[in-house]
Every structure is written in C-alpha cells, then in structure tokens.
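# Chain and residue survey
Listed here are the chains, written in short residue letters.
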Amino acid sequence: WVEGTHDAELVEKVWGHDLRVEGIVVEPLHGADDLVAAVQAFGPGPDARLGVLLDHLVPGSKETRLADEVTRRWTPHVAVLGHPYVDVWAAVRPERVGLRAWPEVPRGQDWKTGVMAAAGWPDDVPAAWARILGSVRSYADLEPALLARVEALVDHLTTPPTPPTPPRG
C-alpha cells in the first residue's frame, strides 16, 4: 500500500513490471489516518503479508506513530517503511522538472500549492503531477531514499519469512 494516487502511479511507472512478475499489487490508501484499521481489516498473517510505504516518515510525525503501532501489532507479516519527503513529488530529482531544488514551503501552507507557486507553475495539481511523473524515465530519476524503501518492501513481500527455530532438547 502507498499513501495516495500519486505514490501509486510513481511506483507503478518505475517498478510496475517487476511487481507484476512477483504478483505484487500497488494500492493507494488515500491517506495514512486510517492505517491501523485498514491493516486490521486486511488481516495480515503468514499467508497474507503486506508492505506499506508512507510519506514523511520522520521522528515525531503522525505517520511515524501510526507505523510504530502497526509494526508493534503485526510484525513480521507487515512492513511499514517510509521516505523523509513531505510528499512523493519530492522523491523525484528536482532537476528532472527543471528545478535546482524543491522549494521550501512554510509550515502550515499546503506543500503542493507552495511548490507550484514557487516553481512558477499554474495552480493545477493534476497538471503539475503530470509534468513531474512525465519527467520520470527510470530509477535514476528518483532520490535514493525512495529507491531504498521500495526495494526493501519488495524484499519483504518476496522473501519467505524465516520459520521459528524449534526449541532444542
């Protein structure tokens, strides 16, 4: 699972073929607020493993508190990983869209709106996302922090869990 539609589209664009070969489906959560309930409803277990990619997984964030709760309750069947970016847009290398760096957006201001204004783009999220996604051609166009987390989730979902060691004696 990923937080939103943009996350799903980016993961599909870059990893889609490899994920389909492994039988992995990417689904958006449409936000992380209901993560614990969604995982509960999914019913993770040895034959139903889940990988979750969250935005802005940094100390003290709402996402970190949710990830910690899910990890505490459902390890080893669920892995919750995240990248440090406020939004997956920032996981695309800024030079791919003609920026030297992603703009700093003041806390309290909508990040995407702030990015579009600072970049001189029209206030049109779908058009901005089309521009960003259209600039991505391969793994090389993404930041290493996102690459590492997605690859770790793929490993979690494709590597059989280690069975418990039987007691000796």
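For the structure itself, look to the data block above.
Our subject in this report is the structure included herewith. The structure presented is a predicted model; accordingly, all values stated were derived computationally and were not measured. (Residues numbered from 1 in each chain as written. Predicted model: local features only at pLDDT ≥ 70, side-chain atom pairs only at ≥ 80, totals over all residues. Heavy atoms only, no water.)

## Quick word on the packing of aromatic side chains
Inclusion rule: Each Phe, Tyr or Trp ring, with Trp reduced to its six-membered ring, pairs with another whose centre is within 6.5 Å; inter-plane angles below 30 degrees give stacked pairs, above 60 give edge-to-face pairs, and intermediate values give tilted ones. The way it works is that DSSP assigns letters per residue, a run of H or I at least four long becomes a helix, a run of E at least two long becomes a strand, and they are numbered from the N terminus. Three labels apply to residues, based on accessible area from a 1.4 Å probe with only protein chains included: buried if under 20% of the type maximum, exposed if over 50%, partly exposed otherwise in between.
Tallied over the full model, the rule gives five aromatic pairs. Arranged with centres 6.2 Å apart and planes meeting at 65 degrees, the rings of Trp89 and Trp111 form a pair that is edge-to-face. Here Trp89 is found in the loop between strand S2 (78-82) and helix H4 (111-119), whereas its partner Trp111 is found in helix H4, with 22 residues between them in sequence. Considered together, Trp89 and Trp111 belong to a single accessibility category, that of buried residues. Members of the aromatic cluster, each reached through a chain of ring pairs, are Trp89, Trp102, Trp111 and Trp129.

## Points about the nonpolar core
Applicable threshold: What we call a nonpolar core is a set of buried Ala, Val, Leu, Ile, Met, Phe, Trp, Tyr and Cys residues that are connected through their side-chain atoms within 4.5 Å. Note on contacts: a residue pair qualifies if any of its non-hydrogen atoms lie within 4.5 Å across the two residues.
With 36 residues, the main nonpolar core has Leu10, Trp89, Trp102 and Trp121 as its most contacted residues. Of all the secondary-structure elements, those providing two or more residues to this core are helix H1 (5-22), H4, helix H5 (125-135) and helix H6 (144-158). A total of six residues in this core trace back to one element, the largest contributor, which is H1. For Trp121, the contacting residues outside a window of four places in its chain are Val97, Leu99, Trp102, Val115, Met116, Ala128, Arg131 and Ile132. One finds Ala32, Val36, Val52 and Leu66 within the second-largest nonpolar core, a separate group that totals 15 residues.

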